[in-house]
Amino acid sequence: MFKTCSQAITHPLAHTNDSTKKKDTTMTDHIYKKVELVGSSKVSIEKAVQNALTKAGETIRNIRWLEVGEIRGHIVDSKVDHWQVGVKFGFTLEETTAPETLKEKKVAKKKSKKR
């Protein structure tokens, strides 16, 4: 089976400064899904990226990184009227049993600490 982001593994080659003792270092497996959006802004390229990120964040959880693919400017009367930026966002996938909202995640976390 594939491991999820919530399942930790111990790196077998992790060491402390003392070469005779092994340090327990936790690593997680990450599986990402990508979506591609085009953000736009009359202000700047950065604002176009932020507009795309803000919109993506309304419906996508766990966004972890972005990749800018293309930058365009719409020209009106020999001036840049607005910027268009193609952005790919990567987000981690959750298990089907994962809580649907951040509030549900907090409640689930509190319950697991009480056990």
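Our subject in this report is the structure included herewith. (Residues numbered from 1 in each chain as written. Predicted model: local features only at pLDDT ≥ 70, side-chain atom pairs only at ≥ 80, totals over all residues. Heavy atoms only, no water.)

## Structural notes on the overall build of the protein chain
Counting secondary structure elements, the protein chain contains two helices and five strands. Helices (α) and strands (β) of the protein chain occur, in sequence order from the N terminus, as β-β-β-α-β-β-α. Split into buried and exposed, the 115 residues of the protein chain put 17% on the buried side. Excluding contacts between residues fewer than 6 apart, the proportion of contacts in the protein chain whose partners are at least 24 apart in sequence is 55%. When the accessible surface of the protein chain is split by element, carbon and sulfur atoms take 55% of a total near 9,300 Å². (Helix = DSSP H or I, 4+ residues; strand = E, 2+ residues; numbered from the N terminus. Buried < 20%, exposed > 50% of the residue type's maximum accessible area, 1.4 Å probe, protein only. Contact = heavy atoms within 4.5 Å. Areas by Shrake-Rupley, 256 points an atom, 1.4 Å probe, with all protein chains shown as cover.)

## Some details on the environment of K33
For K33, the location among the structural elements is in strand β3 (residues 32-41). Once the C-alpha coordinates of K33 and I63 are considered, the two residues, 30 residues apart in sequence, prove to be 9.4 Å apart.

## Some thoughts on the sheet that holds strand β4 (residues 63-76)
What the three strands build is an open sheet, ordered β3-β5-β4; its pairing is antiparallel. The sheet terminates laterally at β3 and β4, the two strands that pair on one side only. Here the strands of the sheet are splayed against their neighbours by 15° on average, with no regard to which way each runs. Running at roughly 40° to strand β5 (residues 79-92), helix α1 (residues 45-57) makes contact with β3, β4 and β5 of the sheet. (Pairing = 2+ DSSP bridges. Axes fitted to C-alpha atoms, helices over the stretch in contact; angles between N-to-C directions.)

## Points about unusual backbone geometry
The backbone of N62 sits at a positive phi, close to 65°, despite the residue not being glycine. Tracing the backbone shows N62 in the loop between α1 and β4. Note on N62: relative accessible area 17%, which makes it buried. Even without being a glycine, S78 presents a positive backbone phi close to 60°.

## Thoughts on the pairing of β4
Here β4 runs beside β5; their pairing, made up of twelve bridges, is antiparallel. Note on β5: the bridge partner recorded for I63 is F91. Between β4 and β5, which pair antiparallel one after the other, the connecting turn spans two residues, and D77 there sits at a positive phi close to 50°.

## Concerning the pairing of β5
For β3 and β5, the ladder comprises ten bridges, and the chain directions are antiparallel. Bridge assignment links G39 to a residue of β5, and that residue is V85.

Function-wise, these values are silent; they only describe arrangement.
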